[in-house]
Amino acid sequence: MDRLTPLSKPDPVVTLDEVKANLRITHTEEDALLARLIASATASLDGRDGALGRALMPQRWRLERDQFCYGIEMPLPPLLSVQAVRYLDAAGIERTVDLADVVIVGTDPAVLRARTIWPTVLAEPGAVAIEFTAGYQDVPEPIRTAIIRSVGSLYVNREASAGAAALDFSGLDPYRQWAFG
């Protein structure tokens, strides 16, 4: 079973100034509220638990797996880089795979493959750990617009009952990572 752990916190996808300009707000009294709404709308889409199943801004993650397989599909596309591939060998000693021996095929999604063959690992949960950076260098405008629009909806409807200000992420299906099975 794969486990995914964040190693860094990403920068915001949209800025407070962008949201305030969209809402035509010039005062600073509600900056803290708007910052929370930006974080909430972004979290609804971003990362392991977000609706899109991808990293929006560059961020570091650790993927832990029980074993190597021929091609390891990397989560949270787009993949920017792999920093380390570590594993526990058959004796339980932590080893590092030379990144020159790893091939990255594609970016969205990316697949990691060994140039020759992956090493044998200890039969133990989390025996393989891959540290990587994923996220867009430039977040697509439809995603940014959806976040700004959703923050506006949350702001305008902040006094409404629960569920009345549902986040509107329509039009983002082309960016959604679908999982089956």
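Below is a short write-up of the structure. If you're wondering where the values come from, they're calculated on a predicted model, not measured in any experiment.

1. Some remarks on the sheet that holds strand β2 (residues 59–65)
Spatial ordering of the open sheet is given by β1-β2-β8-β4-β5, a layout of five strands whose pairing is antiparallel. Here the strands that pair on one side only, and so sit at the sheet edges, are β1 (3–6) and β5 (94–96). The mean angle between the axes of side-by-side strands here comes to 25 degrees, regardless of whether they run parallel or antiparallel. Here three bridges tie strand β4 (residues 79–88) to β5, and the two strands are oriented antiparallel to one another. Note that in β5 the partner of Leu-88 across the bridge is Glu-94.

2. A word on the packing of aromatic side chains
Considering all chains together, one arrives at two aromatic pairs under this definition. Pairing Phe-68 with Trp-118 gives two aromatic rings, centres 4.3 Å apart and planes at 5 degrees, and the pair type is stacked. Taken as a pair, Phe-68 in the loop between β2 and β3 (71–73) and Trp-118 in the loop between β7 (111–114) and β8 (128–134) lie far apart in primary sequence, 50 residues in all. On the basis of relative accessible area, Phe-68 is assigned to the buried category, the value being 11%. Joined through ring pairs, the aromatic side chains of Phe-68, Tyr-87 and Trp-118 make up one cluster.

3. Describing unusual backbone geometry
It is generally the case that most residues other than glycine have a negative phi and that most peptide bonds are trans. Residue Pro-78 follows Pro-77 across a cis peptide bond; omega there is 0 degrees. Residue placement: Pro-78 occurs in the loop between β3 and β4. Across the junction of Asp-108 and Pro-109, the peptide omega takes the value 0 degrees, indicating a cis bond. Along the polypeptide, Pro-109 turns up in the loop between β6 (102–105) and β7. Its identity is not glycine, yet Arg-24 carries a phi of approximately 60 degrees, on the positive side.

Rules behind the numbers
- Residues numbered from 1 in each chain as written.
- Predicted model: local features only at pLDDT ≥ 70, side-chain atom pairs only at ≥ 80, totals over all residues.
- Heavy atoms only, no water.
- Pairing = 2+ DSSP bridges.
- Helix = DSSP H or I, 4+ residues; strand = E, 2+ residues; numbered from the N terminus.
- Axes fitted to C-alpha atoms, helices over the stretch in contact; angles between N-to-C directions.
- Phe/Tyr/Trp six-rings, centres within 6.5 Å; stacked < 30°, edge-to-face > 60°.
- Buried < 20%, exposed > 50% of the residue type's maximum accessible area, 1.4 Å probe, protein only.

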